[in-house]
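# Observations on the model geometry
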Amino acid sequence: GKDKELIRGSWESLGKNKVPHGVIMFSRLFELDPALLSLFHYSTNCGSTQDCLSSPEFLEHVTKVMLVIDAAVSHLDDLHSLEDFLLNLGRKHQAVGVNTEAFAMVGEALLYMLQCSLGQAYTAPLRQAWLNMYSIVVAAMSRGWAK
Ligand code: HEM
């Protein structure tokens, strides 16, 4: 319905520029919770947020995140088909020390990126549509923490 149209319409241009939009999102995430930066220990020179945001491994993770969002947008009609993938993705994040509470912050950062990128097109219904989709993704990933 309307939610899907709003999401697909807004992702059409964003999805073509994954890295810059993902960088906006993660810059915001580290502003909201600087402690999350320490979970990315690939770079030896991750002394500052800026160093980390420009390291190749970090930009690869940004791309991975954006590809998962891209997959969710393409599977809006059957998000259930992504459940096993997302559960496993959750397991991998548990293994690297991410807490499920961090996903609320990631959601805030996602909305911030949408707001920055969409300007006038960022409306209350659009925000809600994205939150709805994001909460389904997070619920599926969170099953990876279940004992
Ligand atoms: C892998 C951290 C959020 C998607 C990883 C890895 C780390 C990490 C350390 C392993 C190294 C790597 O592959 O780069 C985090 C942190 C997050 C976060 C601290 C924020 C709290 C997310 C979100 C998504 C995501 C929201 C997608 C919705 C992925 C993917 C991989 C990955 C696809 C690769 C998994 C694989 O190797 O199969 N993440 N991540 N991450 N992350 Fe995240």
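You'll find the structure just up there.
Quick look at the structure, then. Predicted, not measured: the structure shown is a model, and the values here were computed from it.

Definitions and limits used
- Residues numbered from 1 in each chain as written.
- Predicted model: local features only at pLDDT ≥ 70, side-chain atom pairs only at ≥ 80, totals over all residues.
- Heavy atoms only, no water.
- Donors = N, O, S within 2.8 Å, 3.2 Å for Na, K, Ca; no water.
- Tetrahedral: all angles 85-135°; square planar, octahedral: opposite > 155°, others 65-115°.
- Helix = DSSP H or I, 4+ residues; strand = E, 2+ residues; numbered from the N terminus.
- Phe/Tyr/Trp six-rings, centres within 6.5 Å; stacked < 30°, edge-to-face > 60°.
- Buried < 20%, exposed > 50% of the residue type's maximum accessible area, 1.4 Å probe, protein only.
- Lys NZ or Arg CZ within 6 Å of the ring centre and 35° of its normal.
- Expected span 1.5 Å × (residues − 1).
- Contact = heavy atoms within 4.5 Å.
- Salt bridge = Lys/Arg side-chain N within 4 Å of Asp/Glu carboxyl O.

### Here we look at the coordination of the iron atom of the ligand
Ideal coordination angles are 109.5 degrees for a metal with four donors arranged tetrahedrally and 90 or 180 degrees for a metal with six donors arranged octahedrally. Only His61 (NE2) and His93 (NE2) from the protein coordinate the iron atom of the ligand, and they sit 1.9 to 2.0 Å from it. Given 6 donor atoms and angles of 85 to 179° at the metal, the environment of the iron atom of the ligand is assigned as octahedral. Of this pair, His61 sits in helix α4 (residues 56–74) while His93 sits in helix α5 (residues 83–95), and the two are 32 residues apart along the sequence.

### Some remarks on the packing of aromatic side chains
Enumeration according to the criterion identifies 8 aromatic pairs in this entry. Between the aromatic rings of Phe30 and Phe40, the centroid separation amounts to 5.9 Å while the plane-to-plane angle is 80°, which identifies the pairing as edge-to-face. A residue pair is termed long-range when its members are at least 10 positions apart, and Phe30 in helix α2 (residues 18–32) and Phe40 in the loop between α2 and α3 (49–53) qualify at 10 residues. Here Phe30 and Phe40 have matching classes, each one buried. Following the ring pairs from residue to residue traces out a cluster consisting of Phe26, Phe30, Phe40 and Phe58. One Lys or Arg, Arg28, reaches over the ring of Tyr112 and ends 4.7 Å from the middle of that ring.

### A few points about helix α6 (residues 102–118)
An ideal rise of 1.5 Å per residue puts 24 Å on 17 residues; α6 measures up with 24 Å between its terminal C-alpha atoms. For α6, the set of buried residues is Ala102, Phe103, Val106, Gly107, Ala109, Leu110, Leu111, Met113, Leu114 and Leu118. Contacts from the buried residues of α6 go to α1 (2–14), α2, α4 and α7 (124–142). Immediately beyond the C-terminal end of α6, within one or two residues, lies Gly119, with a positive phi of roughly 55°.

### Examining the pattern of salt bridges
Scanning all chains against the criterion turns up 4 salt bridges. Linking Glu31 and Arg28 is a salt bridge whose minimum nitrogen-to-oxygen distance equals 2.7 Å. A residue pair is termed a helical-turn pair when its members lie 3 or 4 positions apart in one helix, as Glu31 and Arg28 do in helix α2 at 3 residues. The closest approach of N and O atoms between Glu83 and Arg143, which form a salt bridge, is 3.8 Å. Residue Glu83 is located in helix α5, and its partner Arg143 is located in the segment after α7; the two are separated by 60 residues in the primary sequence. Residue classification places Arg143 among the partly exposed residues on the basis of a relative accessible area of 42%. Linked through salt bridges whose partners overlap, the residues forming this network are Lys4, Arg8 and Asp77.

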